[in-house]
Amino acid sequence: MLRRVRQSLRQVLFLMARRPALLCGAIVLGVLLILAVKFTCSRAKNVVATARPPVRFFSAEAPVVDLYLGQLDQVERLRSMAEVSLIFFYAPWCAHSMAARQEVQQVAKKLAKQVQFLAVNCWWSHGKCRRQNRFYQYPIIHLFYRRFGPIEYKGPFVAAYVESFILRVITPLTYLPSRATLDEFLSCHEPRVVGFFQFNSSPQPPGYITYLSSALQALRRDFRGVVRFGVITNKQVAGAISLTEDETVYLYRKLNSSLIFPRRERNFTSEAICNWVFEHHETVLHWLQPPGTKSRLLEHELTKGPALLLFLPHNPLGSNPSPILQQVADIAVRYHSCDNNNHSSLDKSFTSLCCQSVLLPESSTSVCEVCLSLSQSILTSSPVGCSFPSTAQGGDLLHSYLRNCCLHQVSAPMSIKTTTLVVCSNFLNSYSPFSQYSACCRKVEPQLNDSQAKEEPDMQRVPITPASSSILPSPGPQQGGDGITGLRCRTNRTLRFYVLDVALNWPLAMRLGAPGNRSAPLHQEAGAQGDGSGDGSFAAIVNLKDEVHYVLHRDPATTLTESLEAFIRNFSAPYSLLQRHLVGEEDRKRGEGETRHPDEHQHSPQRPLITELTTSTFLPSVMDLQKDVLLFYYTQWCGFCSVLNHIIIQLARLLQQSNSTITVARVNVARNDLPWEFMVDHVPSILLFPKYRKQFSVKFPDDLPITLPNLLHFILQHSGYVQYADKPVTAPSEAEGPGPGAVFRAEFLALQREVQLLHHARERLSQQLAQLWRDNRRLTFDTRTLEAQNAELKQERQSLEEQHREKSRQLGEAVRRLQELADTSENLLNENTLLRVLLRALKDRTERQNRKEAIWPPDVEVCRESREREKRKGEERRPGNEGRTEMDENEQRLDP
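Just so it is clear, the structure is predicted and the values come from calculations on it, not from any experiment.

Chemist: How would you explain the overall build of the protein chain if you had to name every residue and give the values?
Modeler: Scanning the protein chain from N- to C-terminus turns up 28 helices and 24 strands. Across the 896 residues in the protein chain, those meeting the buried criterion constitute 36%. Restricting to contacts in the protein chain with at least 6 residues of sequence separation, those with at least 24 account for 71%. For the protein chain, the accessible area works out to roughly 55900 Å², and carbon and sulfur atoms hold 55% of it.

Encoded structure:
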């Protein structure tokens, strides 16, 4: 290859030497090429303009340190100087960053004295932030509490939410100085964690910093702060929840017994405490916050089962829950409280042995009925007498329990109509699982007479756990008819409670069927009375598996609690009375914020060519008895539907020109929910609803092509107008109108036609049976032929088997002969080997004889030589041996 290149170069140089003009032209062309390449490259560099240097993103008046050059090293220095720092990573071109800038400025003006606000431009290519971080979205907020962080904020960029989140990080622990604050802290529906630390020995106990870090770890895992952390420093307050040891972490649970962090089994670290809390905490209300972009958050939650979506005007990051949220949380707790059912089943295994009334000395009107209950196994095994604790042994303990459990509730002020208040609970006198006490205390007013006392409901024993009774006042008497307590364990249609902020998710609520416009609920305040009027709330149950959802229609005369309880009970019933809510195109457009032109809803005097149906207009239009309706099902994403549009338009024009009463309509099933009985399994589909007989709707055959002649034939065959046109008695007169008699007459004639159709069907069936009989005969003959062929095949098979056996015998004989040949060959080889050995031995013997002859006397040698001469002479006399003799002589001379 190199030789060829060198040869070509030599030829070129030779030609250029012979022709100097060619050399000059080549030089000029090379210079021009170099200039063109340089000019093109210089223009390509100027195509992309250099990036402009960044400028401040936040205004100079805002208390935000704007590091618009991406100085990440300055961030570390400034963060180390402040106790709490908020870092706002942004991109100058990002619309979300621009929208969040105003919200962050509002929060910064309020909390500038407590928090240091930093803003970093992470899009500047020369900045350190862009080189070290790889953010996939903007903006991003990180919070640092001293040396702990970062805690990423993943909520909506709204000033109220961001401010609440910052305050939550600033105060991750709630100080509980008294029993009242402890009860208020534990009364919330959210999971609560209480830590007991005594600050007497040192300013900060060793475990306090770990507990504080665990609270921050929980905020890092869940920015909403679903789990709240509190701290107790008073030993008397800690005794209310049975905490006696210092540095104890207590997890309070409403549905199950509360837990204490097992320090012997786990290390006392912040991560271990946080993991333990999230493993064992109970959540009855789940907060949802769709990000507003493409996300599978709702799908992930709704696929878990039926969901109750509650849109409430409440900020989940706020410290004070709204009254509406408290009502909903109370319903959710009672719905998940299966202890009553469990204890009720447990009570069935216990038998009350005896009861005793106890009059408490603190109040002469407070009476408690204490019953001793034993298990069935103890009663059947051995008779046990009734033994109540005496005053000396355990009477003081019993009185103290009754005072703490029931008496303070009985002494609470009652309403005017209430005359008797009953509070019940169960407690154990020992750790034995085979016996328990049940106590029911009531306060009897002096003015009650006997007749009024008989009207009071009977006392009920509602078992509760001792832990919960020692923390909070026990709930009131659970009536058996409320139907909401423990409903989660009594139905297979378990609901999950989800709460959404109505101010941020109102478009979603409107798409689910919320009434009113978008701005109506955002400016309404939550009613403190809890009557549910004007609170801007909305509730719906979504069952994604059944593809249905139900909307709560509240009665203004009922409270939110009553309406929501009835809504849940109706959904959980085996035969639910709830009506499936159908979302139409109007609801979807209201939810998407679309508006119509004022003239769009004005009806023109001329009938439309094709009637567009929606969810609200579907049944009135299709079920009109006076019209034949040809309904075309389509969707906006169906390509086959778009192809058929011109055929449907031609059919509608033809029917309109002929002054027919047939209405051509279409419905977009992707944007309009229809009742299940009117749905189709695929699109496009065409159905005809004949007049007077809507129940006999007919579907266009799937095996026929949708063409104009086929559609006309289909309409003329099944429409009610053509069916009754040849029957003058069936059509009502113009004076009478379409009365019930005409409808019945039409039905009667339709039944007659159906009978005739049945006769025709019977004739066709007879013909088919005859054809089947003939086919059966033919199959019989074919069977016989096949049997004969089968017999022949069997004979051929036998002959083949005999031939196979003969061939096998011959093959065996050939194998035997080959084996004999192999044995003979082996014997010959052995004999050949023996002969070789014998020849070798003979050769050795001959050699030994030759050696002996070499030492014989000369006379013997002379005689041998004479004999050899005579022999050679005799050979020479033979013709053809003359030359050979001379050669032999020469060889003998040369042979030493």
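That covers the picture; the talk isn't over yet.
Chemist: Quick rundown of the packing of aromatic side chains? Include the residues and the values.
Modeler: Applying the stated criterion across every chain, the model contains 26 aromatic pairs. Ring centres of Phe58 and Phe88 lie 5.7 Å apart, and the angle between their planes is 80 degrees; this geometry places the pair in the edge-to-face category. Of this pair, Phe58 sits in the loop between helix H2 (20-47) and strand S1 (65-67) while Phe88 sits in strand S2 (residues 84-90), and the two are 30 residues apart along the sequence. Across this residue pair, the class does not change: Phe58 and Phe88 are buried. Consider the rings of Phe261 and Phe268, whose centres lie 5.9 Å apart with planes at 70 degrees: the pair is edge-to-face. A relative accessible area of 17% places Phe268 in the buried class. Joined through ring pairs, the aromatic side chains of Phe89, Trp93, Trp123, Phe135 and Tyr138 make up one cluster. Positioned over the ring face of Phe144 is Arg79, at 4.2 Å from the centre of the ring. Here the guanidinium or amino end of Arg192 rests over the ring plane of Phe185, the centre of that ring lying 4.6 Å away.

Chemist: Run through the sheet that holds S2, naming residues and quoting values.
Modeler: Taking strand neighbours across the sheet as the criterion, the 5 strands line up as S1-S3-S2-S4-S5 in an open arrangement whose pairing is mixed. Edge strands, defined here as strands with exactly one partner in the open sheet, are S1 and strand S5 (148-153). Within this sheet the neighbouring strands show an average axis-to-axis angle of 20 degrees, counted without direction. Across 6 bridges, the pairing between S2 and strand S4 (residues 140-145) is antiparallel. For Phe88, the partnering residue across the bridge sits in S4 and is Ile141. Helix H6 (residues 159-170) contacts S2, strand S3 (116-121), S4 and S5 of the sheet and is inclined by roughly 155 degrees relative to S5. Relative to S5, helix H8 (residues 206-221) is tilted by about 30 degrees, and along the sheet it contacts S4 and S5.

Chemist: Please set out the pattern of salt bridges residue by residue, giving values where relevant.
Modeler: Counted by the stated rule, this structure contains 24 salt bridges. Across the salt bridge formed by Glu806 and Arg809, the nearest N and O atoms sit 2.3 Å from each other. Residue Glu806 and its partner Arg809 are located together in helix H26 (residues 740-854), separated by 3 residues, close to a single helical turn. The class of Glu806 is partly exposed, set by a relative accessible area of 33%. One network of salt bridges, with partners in common, ties together Asp330, Arg334, Glu565 and Arg569.

Chemist: Help me get a handle on unusual backbone geometry, residues and values and all.
Modeler: At the junction of Tyr138 and Pro139, the peptide bond is cis and its omega measures out at -5 degrees in the coordinates. Phi is positive for Arg146, which is not a glycine, with a value near 55 degrees. In this structure, Arg146 sits in the loop between S4 and S5. Given a relative accessible area of 42%, Arg146 falls into the partly exposed group. Of note, the phi angle at Glu247 is positive, near 60 degrees, even though the residue is not glycine. As for its position among the elements, Glu247 is in the loop between helix H9 (235-239) and strand S9 (248-252).

Chemist: Account for the environment of Lys110, with residues named and values stated.
Modeler: Relative to the assigned elements, Lys110 resides in helix H4 (residues 95-111). The class of Lys110 is exposed, set by a relative accessible area of 58%. Sequence separation between Lys110 and Glu163 is 53 residues, and the spatial gap between their C-alpha atoms is 8.6 Å.

Chemist: So what about the sheet that holds strand S10 (residues 259-260)? Which residues, and what values?
Modeler: Pairing in this open sheet of 5 strands is mixed, and the strands run S6-S8-S7-S9-S10 from one edge to the other. Edge positions in the sheet fall to strand S6 (173-175) and S10, since each of these pairs with one other strand and no more. Looking at chain direction, strand S7 (residues 192-196) and S9 are connected through 5 bridges and run antiparallel. Each bridged residue has a counterpart across the sheet, and for Val193 the counterpart in S9 is Leu251. The strands touched by H8 are S6, S7, strand S8 (228-232) and S9; relative to S8, the strand with the most contacts, the crossing angle is about 165 degrees.

Chemist: Describe the nonpolar core, naming the residues involved and giving the relevant values.
Modeler: Grouped together as the largest cluster of nonpolar side chains are 53 residues, with contacts concentrated most on Phe88, Phe117 and Ile166. Not counting residues up to four positions away in its chain, the partners in contact with Ile166 are Leu86, Val107, Leu111, Val115, Phe117 and Leu143. The next biggest cluster of nonpolar side chains, apart from the first, holds 31 residues, and it includes Leu285, Leu312, Leu325 and Phe567.

Chemist: For the pairing of strand S19 (residues 548-551), give the residues involved together with the corresponding values.
Modeler: Walk down a regular strand and you will see the side chains alternate between the two sheet faces. Burial along S19 is two-sided: the residues Val548 and Tyr550 and His549 and Val551 are all buried. Relative to S19, strand S18 (residues 538-543) runs antiparallel, the two sharing 4 bridges. Bridged to Ile541 within S19 is Tyr550. Once S18 ends, the chain turns through 4 residues before running back antiparallel as S19, passing Glu547 with a positive phi of about 60 degrees.

Chemist: Describe the side chain of Thr248, naming the residues involved and giving the relevant values.
Modeler: Its location among the elements puts Thr248 in strand S9. Owing to a relative accessible area of 9%, Thr248 belongs among the buried residues under this scheme. Polar contacts involving the side chain of Thr248 include one to the main-chain carbonyl oxygen of Glu245, which spans 2.6 Å. Those residues in contact with Thr248 that sit more than four places away from it in its chain are Val194, Gly195, Phe196, Leu243 and Ile260.

Chemist: Kindly report on the pairing of S8, identifying the contributing residues and their values.
Modeler: Most of S8 is tucked away, with 5 of its 5 residues classed as buried. Every second residue of S8 is oriented toward a common face, with Arg228, Gly230 and Ile232 on one face and Phe229 and Val231 on the other, all of them buried. As judged from the 5 bridges shared by S7 and S8, these two strands associate in the parallel manner. Considered in S8, the bridge of Gly195 is made with Val231.

Chemist: Outline the packing of helix H23 (residues 645-657) against helix H24 (residues 708-718), listing residues and values.
Modeler: At a closest axis distance of 10 Å, the pairing of H23 and H24 adopts a crossing angle of 50 degrees. By the angle between their directions, the pair H23 and H24 is classed as oblique. Of the two elements, H23 crosses H24, and the hand of that crossing is right-handed. Along the contact surface, H23 presents Ile647, Ile648, Gln650, Leu651, Leu654 and Leu655, while H24 presents Leu708, Leu711, Leu712 and Ile715. Residue composition of the contact of H23 with H24, grouped by class: 9 nonpolar, 1 polar and no charged.

Chemist: So what about H6? Which residues, and what values?
Modeler: Counted at 1.5 Å a residue, the expected span for H6 with its 12 residues is 16 Å, and the 16 Å between its end C-alpha atoms agrees. Summarising burial for H6: 9 of the 12 residues are buried, a large majority. The set of residues buried in H6 consists of Ala159, Tyr161, Val162, Ser164, Phe165, Ile166, Arg168, Val169 and Ile170.

Chemist: Tell me about the side chain of Thr635, and please be specific about residues and values.
Modeler: Relative to the assigned elements, Thr635 resides in the loop between strand S21 (628-634) and helix H22 (639-643). Relative accessible area serves as the criterion here: at 4%, Thr635 is assigned to the buried category. With residues near it in sequence (within four places) discarded, Thr635 still touches Cys641, Asn668, Val669, Ala670 and Val683.

Chemist: Requested: an account of a positive patch on the surface, with residues and values cited.
Modeler: Together, Arg845, Arg848, Arg851 and Lys852 make up a region of like positive charge exposed at the surface. Position of Arg845 relative to the elements: it lies in helix H26.

Chemist: For the confidence of the model for the protein chain, give the residues involved together with the corresponding values.
Modeler: Summing up the model confidence of the protein chain, the mean pLDDT is 76 and the portion of residues at 70 or higher is 69%. Note that residues 340-353 has pLDDT below 50 and, in this model, 36 contacts with residues that lie over four places away or in other chains. Here residues 444-481 is modelled with pLDDT under 50, and outside its nearest four sequence neighbours on either side it reaches 63 contacts, counting other chains as well.

Chemist: Hey, could you go over helix H12 (residues 323-336) for me, with residue numbers and the actual values?
Modeler: Note: α-helices contain 3.6 residues per turn, so residues at a spacing of three or four share the same orientation. The end-to-end C-alpha separation of H12 is 20 Å, in line with the 20 Å expected for 14 residues at 1.5 Å each. What H12 keeps buried is the set Ile324, Leu325, Gln327, Val328, Ala329, Ile331, Ala332, Val333, Arg334, Tyr335 and His336. In this structure, the buried residues of H12 make contact with strand S11 (285-287), strand S12 (307-312), strand S17 (496-501) and helix H19 (560-572).

Analysis parameters
- Residues numbered from 1 in each chain as written.
- Predicted model: local features only at pLDDT ≥ 70, side-chain atom pairs only at ≥ 80, totals over all residues.
- Heavy atoms only, no water.
- Helix = DSSP H or I, 4+ residues; strand = E, 2+ residues; numbered from the N terminus.
- Buried < 20%, exposed > 50% of the residue type's maximum accessible area, 1.4 Å probe, protein only.
- Contact = heavy atoms within 4.5 Å.
- Areas by Shrake-Rupley, 256 points an atom, 1.4 Å probe, with all protein chains shown as cover.
- Phe/Tyr/Trp six-rings, centres within 6.5 Å; stacked < 30°, edge-to-face > 60°.
- Lys NZ or Arg CZ within 6 Å of the ring centre and 35° of its normal.
- Pairing = 2+ DSSP bridges.
- Axes fitted to C-alpha atoms, helices over the stretch in contact; angles between N-to-C directions.
- Salt bridge = Lys/Arg side-chain N within 4 Å of Asp/Glu carboxyl O.
- Core = buried A, V, L, I, M, F, W, Y, C linked by side-chain atoms within 4.5 Å.
- Polar contact = N/O pair within 3.5 Å; in protein donor to acceptor, adjacent residues only side chain to side chain.
- Parallel < 35°, antiparallel > 145°, perpendicular 65-115°, else oblique.
- Left-handed = near helix turned anticlockwise from the far one by under 90°.
- Nonpolar A, V, L, I, M, F, W, Y, C, P; charged D, E, K, R; others polar.
- Expected span 1.5 Å × (residues − 1).
- Patch = residues over 30% accessible without salt bridge, like charges linked within 9 Å, V, L, I, M, F, W, Y side chains within 5 Å.
- Lys, Arg positive; Asp, Glu negative; His and termini not counted.
- Charge placed at Lys NZ, Arg CZ, Asp CG, Glu CD.
- pLDDT = per-residue confidence, 0-100.

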